[in-house]
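# Structural overview for review
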Amino acid sequence: GAQYILFPRGSESDEAFLLGVLSSIILDWYARRFVEVNFNFFLFNQLPIPRPDKNNKLRERIINISARLASKDERYKSWANAIGVDCGPLSDEEKIDKINELNALVAHLYNLSKDEVIHIYTTFHDSWNYKADLDAALIHFYSWQKKEDG
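Report follows, based on the coordinates. All of these numbers come straight from a predicted model, not from anything done at the bench.

## Focus: the overall build of the protein
For the protein, the count of helices and strands is eight helices and zero strands. The buried share of the protein, taken over its 150 residues, is 35%. Long-range pairs, those at least 24 residues apart, make up 64% of the contacts in the protein with a sequence separation of at least 6. Per element, the accessible surface of the protein, about 9600 Å² overall, is 50% carbon and sulfur.

## Some thoughts on helix 2 (residues 25–32)
All of the buried residues along helix 2 are Ile25, Ile26, Leu27, Trp29 and Ala31. Structurally, helix 2 contributes buried residues whose contacts are with helix 1 (12–23), helix 6 (92–109) and helix 7 (114–123).

## Focus on helix 1
Over its 12 residues, helix 1 runs 16 Å from end to end, which matches the ideal 16 Å to within 8%, given 1.5 Å per residue. Those residues of helix 1 lying buried are Asp14, Ala16, Phe17, Leu18, Gly20 and Val21. Of the surrounding elements, those touching the buried residues of helix 1 are helix 2, helix 4 (57–70), helix 5 (77–83) and helix 6. N-cap assignment for helix 1: the residue whose side-chain oxygen lies 3.2 Å from the backbone N of Ser13 is Ser11.

## With respect to unusual backbone geometry
Here the phi dihedral of Asn111 falls at roughly 55°; this positive angle occurs in a residue that is not glycine. Within the secondary structure, Asn111 is located in the loop between helix 6 and helix 7. For Asn111, a relative accessible area of 67% puts it in the exposed group.

## What about the side chain of Ser66?
Here Ser66 is to be found in helix 4. Accessibility expressed as a relative area gives 4% for Ser66, which makes it buried. Among all residues touching Ser66, those that are not within four sequence positions of it are Ala16, Leu19 and Gly20.

## Some words on the pattern of salt bridges
As enumerated under the stated definition, the model contains five salt bridges in all. The salt bridge partner of Asp73 is Arg75, with a shortest N-O separation of 2.7 Å. For Asp135, the salt bridge identified is with Lys131, shortest N-O distance 3.1 Å. Here the residue Asp135 and the residue Lys131 both occupy positions in helix 8 (residues 131–149), the gap between them amounting to four residues, near one helical turn. A relative accessible area of 48% places Lys131 in the partly exposed class. Several salt bridges converge on common partners, so that one network encompasses Asp14, Lys54 and Arg59.

## Concerning the packing of helix 2 against helix 7
In contact at an axis separation of 10 Å, helix 2 and helix 7 are set at 65° when each is read in the N-to-C sense. Here helix 2 and helix 7 pass one another in a crossing that is left-handed. Residues Ile25, Ile26 and Trp29 of helix 2 form the contact with helix 7, whose participating residues are His119, Ile120, Tyr121 and Thr123. Residues that form the contact of helix 2 with helix 7 fall into these classes: five nonpolar, two polar and no charged.

## Description of the nonpolar core
Membership of the largest hydrophobic core comes to 34 residues, with the highest contact counts inside it found for Ile26, Ile62, Ile83 and Val117. Contributing elements (two or more residues each) for this core: helix 1, helix 2, helix 4, helix 5, helix 6, helix 7 and helix 8. If you tally residues by element for this core, the top one is helix 6, at six residues. Discounting residues that sit within four places of it in the chain, Val117 has contacts with Ala107, Leu112, Leu134, Leu138 and Phe141.

Rules used in this analysis
- Residues numbered from 1 in each chain as written.
- Predicted model: local features only at pLDDT ≥ 70, side-chain atom pairs only at ≥ 80, totals over all residues.
- Heavy atoms only, no water.
- Helix = DSSP H or I, 4+ residues; strand = E, 2+ residues; numbered from the N terminus.
- Buried < 20%, exposed > 50% of the residue type's maximum accessible area, 1.4 Å probe, protein only.
- Contact = heavy atoms within 4.5 Å.
- Areas by Shrake-Rupley, 256 points an atom, 1.4 Å probe, with all protein chains shown as cover.
- Expected span 1.5 Å × (residues − 1).
- Polar contact = N/O pair within 3.5 Å; in protein donor to acceptor, adjacent residues only side chain to side chain.
- Salt bridge = Lys/Arg side-chain N within 4 Å of Asp/Glu carboxyl O.
- Axes fitted to C-alpha atoms, helices over the stretch in contact; angles between N-to-C directions.
- Left-handed = near helix turned anticlockwise from the far one by under 90°.
- Nonpolar A, V, L, I, M, F, W, Y, C, P; charged D, E, K, R; others polar.
- Core = buried A, V, L, I, M, F, W, Y, C linked by side-chain atoms within 4.5 Å.

In structure tokens:
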């Protein structure tokens, strides 16, 4: 059966932030260390979800990217409007770029190093071709590192 997450408090932006973190390869890699098939709420509740301040730039960008990726058609228009993102399809290139940036942002929230990001990509799955995604994610990783440092 499907599992649902209820938000008794919080906003659409909080939903988009959680969606972004949960959708990242970073948290997916971590979760795969503990479970292969049956993922239940006992395991879900133990996932280390970062809780940055509301005005954190990484959080704000994760919300924007996650909401934009999820708002693929008119069914999500009111949700997208509440967050302040466009709604509609993205080109394959835009979608891939946003996913790679999302992964880089989440890596920064977990304070991962470049070497740890590389390890996650190289050990995520035995037979996937990760090189292009890793290279693109690292470009975003370095870009956001400069923004945080400067």
